[in-house]
Amino acid sequence: MSTTPFLIRAAQAKDLDALTALENQSFLTDRLSRRSFKHWISTDHRALLVAELDGLLAAYILIIYHPGTRLARVYSLAVAERARGLGIARSLVIAGEQASRDNGRLYLRLEVSVDNTAAIKLYEALGFQKFGLYHDYYEDHRDALRYQKCIRRYHPMLQQRPVQWFRQTTRFTCGPAALMMAMHSLDARFQPTQAQELTLWREATTIFMTSGHGGCHPIGLGLAAQQRGFVAEVWINQSGTLFIDGVRDEQKKQIVQLVDNCFKQQAEQQNLPINYANITQDTLFNALQNGALALVLISTYSMDRKKTPHWVVVSGFDKDCLYIHDPDPDDQRQSELDCQYIPIAREDFERMSCFGKNRLRTALIIRTPDKSRLSGDFLA
Ligand SMILES: CC(C)(COP(=O)(O)OP(=O)(O)OC[C@H]1O[C@@H](n2cnc3c(N)ncnc32)[C@H](O)[C@@H]1OP(=O)(O)O)[C@@H](O)C(=O)NCCC(=O)NCCS
């Protein structure tokens, strides 16, 4: 490697022109605009580093931190042609890893075009491991390889279930979208559609929740899963009417209570087991290890500062983290990849999986009745 000296520093507003010019020279599609650079220079939740060579901007790396999780993502990296082969990209990625570590991140992820040999060699040389392929990822329809590096520990031992991700199509259908992910992943014969999403919502909704449409009740979701031939088990850590505190209007409160009662009666009639207890992380792990999937209600506070009840799927775990599939990208800039296998540190998950002032903790575990039908094995 060359010993040509270069300087790495944080990007500043004065770099905007040079960054935009470098971007346009480096990429034919999927370019960051000047406006995007301006945004990323002024915002938190990111590391935007540049390299200067002979006093001129020669390269940059943009790493975005996913709020509320331990995940960081290399959003973009480019080195000017005149500065390539000098080890600048390598130094920028290493500096980006350090910045991410300093920010409490455990994993760095990225996507790279399947034909970008230089970048693939760079990432593999730096210890990134391939963990997936994403079809039709770029604007010009090229496929992307997905890479991940555990930046805190040597051996991550990630165990994950292959869970297909689906985006919720309305603000209030996180429950159905999460349930569809789980049901499809357990049995591919179940095909998610928007019609299914809405049907599930109509079966499981509390009718009202906070100030808007109702979200889904854990028992409602459990009954809906059972109705479709899955084996379901509900966990709720309290016996009163769920979600009633968030509703102000007395008439709405009565309706929420009536719906809650109906779900409990139906659960009894249809032998849906309800455990009135706090579900522990160990119970979740055991369920996953035994071929089941779990939906968990979280509060979105740590992710978006709004205290919204939100259903997600637990898609994996390791010693430090639980991994979730979130059906709702919370930001226009988030890709669906950002919503899959999101690492949440165990202690953060404990806080996140409680909702409201009553600290409601609820989950739904579902499995197929015949275990031989499952794909079973965890990915290493
Ligand atoms: C990919 C890119 C960032 C590499 O930048 P660079 O500063 O030249 O890379 P480095 O000098 O730090 O090289 C580090 C390692 O990357 C790999 N690498 C870099 N360029 C390579 C090439 N042309 N062919 C094969 N491997 C290459 C090598 O493993 C190299 O290590 P080595 O020198 O010990 O062999 C640069 O070519 C670039 O900006 N390309 C266009 C934009 C782009 O593709 N960005 C990545 C998007 S994911």
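Quantities reported herein were computed from a predicted structural model and do not represent experimental measurements.

A. Examining the site of the ligand more closely. Near the ligand, the surroundings consist of 20 residues, among which Arg 84, Ala 89, Arg 90, Ala 118 and Leu 122 are the closest. Those elements that provide at least two residues to the shell around the ligand are strand S4 (71-79), helix H3 (88-102) and helix H4 (117-125). For the shell around the ligand, a count of residues per class yields 12 nonpolar, five polar and three charged.

B. Spotlight on the sheet that holds strand S2 (residues 46-53). Within the open sheet, the seven strands sit side by side as S1-S2-S3-S4-S5-S7-S6. Their pairing is mixed. Both outer strands of the open sheet, strand S1 (7-10) and strand S6 (129-134), are each paired with one neighbouring strand and no more. Across the sheet, the mean angle from the axis of one strand to that of its neighbour is 25°, orientation sign disregarded. In the sheet, strand S3 (residues 56-65) pairs with S4 via seven bridges, with the strands oriented antiparallel. When the sheet's bridge partners are listed, Ile 61 is paired in S4 with Leu 77.

C. Fine view of the packing of helix H6 (residues 194-204) against helix H7 (residues 218-227). Between H6 and H7, whose axes approach to 8 Å, the crossing angle comes to 125°. Considered as vectors, H6 and H7 are oriented oblique to each other. Remark: the crossing between H6 and H7 carries right-handed chirality. Across from Leu 200, Glu 203 and Ala 204 in H6, the residues of H7 making contact are Gly 220, Leu 221, Leu 223 and Ala 224. Partitioning the contact of H6 with H7 into residue classes produces five nonpolar, one polar and one charged.

D. Seen up close, the nonpolar core. Counting 109 residues, the largest nonpolar core has Ala 59, Tyr 60, Ala 294 and Leu 295 as its most contacted members. Taken domain by domain, the makeup of this core includes at least three residues from each of domain 1 (7-154) and domain 2 (174-373). What Tyr 60 contacts, discounting residues up to four positions off in sequence, is Ala 11, Leu 19, Leu 22, Leu 48, Leu 49, Val 50 and Ala 78.

E. Broad picture of unusual backbone geometry. Positive phi is not limited to glycine here, since Asn 271 has a value of about 55°. Position of Asn 271 among the secondary structure elements: in the loop between helix H8 (250-269) and strand S12 (274-276). On the basis of neighbour count, Asn 271 is assigned to the exposed category, with 7 C-beta atoms found within 10 Å. Positive phi is not limited to glycine here, since Arg 359 has a value of about 55°. Within the secondary structure, Arg 359 is located in the loop between helix H11 (346-352) and strand S17 (362-367).

F. Looking closely at the domain arrangement of the protein. Considered domain by domain, the protein is made up of domain 1 (7-154) and domain 2 (174-373). For domain 1 and domain 2, the distance between their C-alpha centroids amounts to 35 Å. Facing 12 residues of domain 1, the contacting portion of domain 2 comprises 11 residues. Contributions of two or more residues to the side of domain 1 that touches domain 2 are made by S4 and strand S5 (107-113).

G. Summary view of the pairing of strand S14 (residues 309-317). Burial analysis of S14 places nine of its nine residues in the buried class, which makes it a mostly covered element. Across six bridges, strand S13 (residues 293-299) lies against S14 in antiparallel orientation. Looking at S14, one finds that Ser 299 is bridged to Pro 309. In the sheet, S14 pairs with strand S15 (residues 321-325) via four bridges, with the strands oriented antiparallel. Pairing of Gly 316 across the sheet is with Tyr 323, part of S15.

Quick notes on the rules
Residues numbered from 1 in each chain as written. Predicted model: local features only at pLDDT ≥ 70, side-chain atom pairs only at ≥ 80, totals over all residues. Near = placed C-beta within 6 Å. Helix = DSSP H or I, 4+ residues; strand = E, 2+ residues; numbered from the N terminus. Nonpolar A, V, L, I, M, F, W, Y, C, P; charged D, E, K, R; others polar. Pairing = 2+ DSSP bridges. Axes fitted to C-alpha atoms, helices over the stretch in contact; angles between N-to-C directions. Parallel < 35°, antiparallel > 145°, perpendicular 65-115°, else oblique. Left-handed = near helix turned anticlockwise from the far one by under 90°. Contact = placed C-beta atoms within 7 Å. Core = buried A, V, L, I, M, F, W, Y, C linked by C-beta atoms within 7 Å. Buried ≥ 20, exposed ≤ 12 C-beta atoms within 10 Å, placed from the backbone. Domains from an automatic or database assignment.

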